[in-house]
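# Secondary and tertiary structure notes
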Amino acid sequence: MIASHNINTNGFYGEFGGAYIPEILYKTVEDLKNQYLDIIESESFQREYHQLLRDYVGRPSPLYFARRMSERYCCRLYLKREDLNHTGAHKINNAIGQILLAQRMGKKRIIAETGAGQHGVATATVCALMNMPCRVYMGATDVARQHVNVERMKMLGAEVFPVESGNKTLKDATNEAIRDWCCHPADTFYIIGSTVGPHPYPDMVARLQSVISKEIKLQLMEHEGRDYPDYLMACVGGGSNAAGTIYHYLDDERVSIVLGEAGGHGIDSGETAATIHCGTLGIIHGARTLVMQTEDGQITEPYSISAGLDYPGIGPLHAYLARCGRATVMAINDDEALAAAYELTRLEGIIPALESAHALAMLPKMQFRPEDVVVLTVSGRGDKDLGTYLREMK
Ligand SMILES: *Cc1c(COP(=O)(O)O)cnc(C)c1O
């Protein structure tokens, strides 16, 4: 079955997606919907975006042939090194694109939500670069847990706003950011950090991350003499690094797509963030998608050892790709991710982010042929997770 990344005009991938927003945001979101493609595809945007990706972010990120890991898993394994980007992950690709868009739409102020703080840091970074005022909403629990990222955001000049409602985590921070947006719809641009939120955000973020698969095509051609792999592998929280990894291969049936979501303590444990395995159809952050919720529609608090993956929803594109069978989705538990992080560190000298370790932990569950070409995206570096690694692996 061929899946297409093309959404319909209302922003639906099959039954998933759309824009379920308060009336007061209608014009703002409609303006964005009507302008984002023209702006992103314009020559001036493309020039500035690619110049910044090259000179500021450090792209193209290397496609590294992992020799020892390839021997271990009997395949030809390449790692797409998003961990080498400025600020340490793929999120900066999207943040740069959205701030350029905000400028071109005449917006004067940036807001963002953040869970672990990675998207907050990426947003604060591009706001410093572009001299834009920035307020980042963050659950008070996360503010306490992610102290270093809070200090980074403040040093970059952003105002970090601790959210005291609900469980004081990402879901509550997002609600508060939307509330702010409702109060300042004309002058404020909301930079969303993943392929989530109301249309056009999922499509917009996927396009801004699609530079990843554009580079993979060129780099594979150099390494292997063909521009497609047999397998693409990535972790999914909201879905942006995965969307970037697969974007230019969605309609290429020769390429299998394998995605890893956070199983936490196991999909039957009640402590999990495996939304595709455990979620049901609902509405979250302005989109219709799979949601972790109770029978009466209350969103349940997700759990994962990885702060970047414990999101109670999933991008509508990914829900759709799973539903129609284009992507295989595995739930990876905490202990499997930890072991995979240690393995990559010892075999290749690369300490991955805990999120990325969920992609690596799928390797032992695969059955490759020796000639299979596998590209796995290392979405970020593990410096931020060192405390967890030291605590958990004694
Ligand atoms: C935020 C984050 C993720 C999860 O977000 P996606 O939108 O699913 O990519 C994965 N890896 C790292 C390193 C992150 O910071």
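All values reported here derive from a predicted model rather than from experimental measurement.

Following the criterion strictly, the structure yields eight aromatic pairs and no others. Judged by centre distance (5.1 Å) and plane angle (75°), the rings of Tyr231 and Phe368 are edge-to-face. Taken together, the residues span a long stretch of sequence, with Tyr231 in strand E9 (residues 231–235) and Phe368 in the loop between helix H15 (354–360) and strand E14 (373–378) at a distance of 137 residues. Like Tyr231, the residue Phe368 is buried in the burial classification. Relative to Tyr389, the ring of Tyr342 has its centre 6.3 Å away and its plane inclined at 90°; by these criteria the two rings are edge-to-face. Residue Tyr342 is located in helix H14 (residues 334–348), and its partner Tyr389 is located in helix H16 (residues 386–392); the two are separated by 47 residues in the primary sequence.

Quick look at the sheet that holds strand E10 (residues 256–264) now. Read from one edge of the open sheet, six strands run E3-E4-E14-E9-E10-E13, paired in mixed fashion. Each having just a single partner strand, strand E3 (63–65) and strand E13 (327–333) make up the two edges of the open sheet. Between one strand and the next, the sheet's axes are offset by a mean angle of 25°, whatever the strand orientation. Relative to strand E4 (residues 76–81), E3 runs antiparallel, the two sharing three bridges. If you follow Leu63 over to E4, its bridge partner there is Lys80. Contacting E3, E4, E9 and E14, helix H10 (residues 211–224) crosses the sheet at an angle of about 140° to E4. The strands touched by H14 are E3, E4, E10 and E13; relative to E13, the strand with the most contacts, the crossing angle is about 95°.

Take the pattern of salt bridges next. Counting across every chain of the model gives 28 salt bridges. A salt bridge links Glu159 to Arg135; the shortest N-O distance between them is 3.0 Å. Of this pair, Glu159 sits in strand E7 (residues 159–163) while Arg135 is found in strand E6 (residues 134–139), placing the two residues 24 residues apart along the sequence. Lys384 is the salt-bridge partner of Asp385, the closest N and O atoms lying 2.8 Å from each other. The network of salt bridges with common partners includes Arg59, Lys80, Glu82 and Glu215.

Before going further, it helps to spend a moment on the site of the ligand. Within the structure, the ligand sits among 18 residues, and Lys91, Ser194, Gly237, Ser240 and Ser379 are positioned closest to it. Note that an oxygen atom of the ligand is positioned 2.5 Å from one of the side-chain N or O atoms of Ser194. At a separation of 2.7 Å, an oxygen atom of the ligand approaches a polar side-chain atom of Ser240. In isolation the ligand exposes 390 Å². Once the protein is present, 96% of that is buried. Of the residues belonging to the shell around the ligand, the class tally is five nonpolar, eleven polar and two charged.

With that out of the way, let us pick up the packing of helix H5 (residues 118–130) against helix H7 (residues 147–155). It is the contact of H5 with H7, at a shortest axis distance of 9 Å, that shows an interaxial angle of 10°. Classified by the angle their axes make, H5 and H7 are roughly parallel. Between H5 and H7 lies a crossing whose hand is left-handed. Residue-level inspection shows Gln118, Gly120, Val121 and Ala124 of H5 in contact with H7, the latter providing Asn149, Arg152 and Met153. Residues that form the contact of H5 with H7 fall into these classes: three nonpolar, three polar and one charged.

Our focus in this paragraph is the domain arrangement of the protein. Split by domain assignment, the protein resolves into domain 1 (22–52 + 91–204) and domain 2 (58–89 + 210–392). Computed over C-alpha atoms, the centres of domain 1 and domain 2 are 23 Å apart. Here domain 1 packs against domain 2, burying approximately 2,000 Å² in sum over the two surfaces, 58% of which is carbon and sulfur. On inspection of domain 1 and its partner domain 2, the count reaches zero salt bridges. Across the domain 1-domain 2 interface, the total number found is eight residue pairs in polar contact (both at pLDDT 80 or more). The element best represented in the side of domain 1 that touches domain 2 is helix H8 (residues 170–183), accounting for four residues.

Next up on the list: H7. Three or more residues of H7 are buried, namely Asn149, Val150 and Met153. All buried residues of H7 lie within an arc of 105° about the axis, which places them on one face of the element. For H7, the exposed residues lying more than 90 degrees away from the buried face are Val148 and Met155. Buried residues belonging to H7 abut strand E5 (109–114), H5, E6, helix H6 (140–145) and E7. The first or second residue beyond H7 is Gly157, which carries a positive phi of 100°.

How each quantity is defined
- Residues numbered from 1 in each chain as written.
- Predicted model: local features only at pLDDT ≥ 70, side-chain atom pairs only at ≥ 80, totals over all residues.
- Heavy atoms only, no water.
- Phe/Tyr/Trp six-rings, centres within 6.5 Å; stacked < 30°, edge-to-face > 60°.
- Helix = DSSP H or I, 4+ residues; strand = E, 2+ residues; numbered from the N terminus.
- Buried < 20%, exposed > 50% of the residue type's maximum accessible area, 1.4 Å probe, protein only.
- Pairing = 2+ DSSP bridges.
- Axes fitted to C-alpha atoms, helices over the stretch in contact; angles between N-to-C directions.
- Contact = heavy atoms within 4.5 Å.
- Salt bridge = Lys/Arg side-chain N within 4 Å of Asp/Glu carboxyl O.
- Near = heavy atom within 4 Å.
- Polar contact = N/O pair within 3.5 Å; in protein donor to acceptor, adjacent residues only side chain to side chain.
- Areas by Shrake-Rupley, 256 points an atom, 1.4 Å probe, with all protein chains shown as cover.
- Nonpolar A, V, L, I, M, F, W, Y, C, P; charged D, E, K, R; others polar.
- Parallel < 35°, antiparallel > 145°, perpendicular 65-115°, else oblique.
- Left-handed = near helix turned anticlockwise from the far one by under 90°.
- Domains from an automatic or database assignment.
- Buried area = accessible area lost by both parts, 1.4 Å probe.
- Arc of directions from axis to C-beta.

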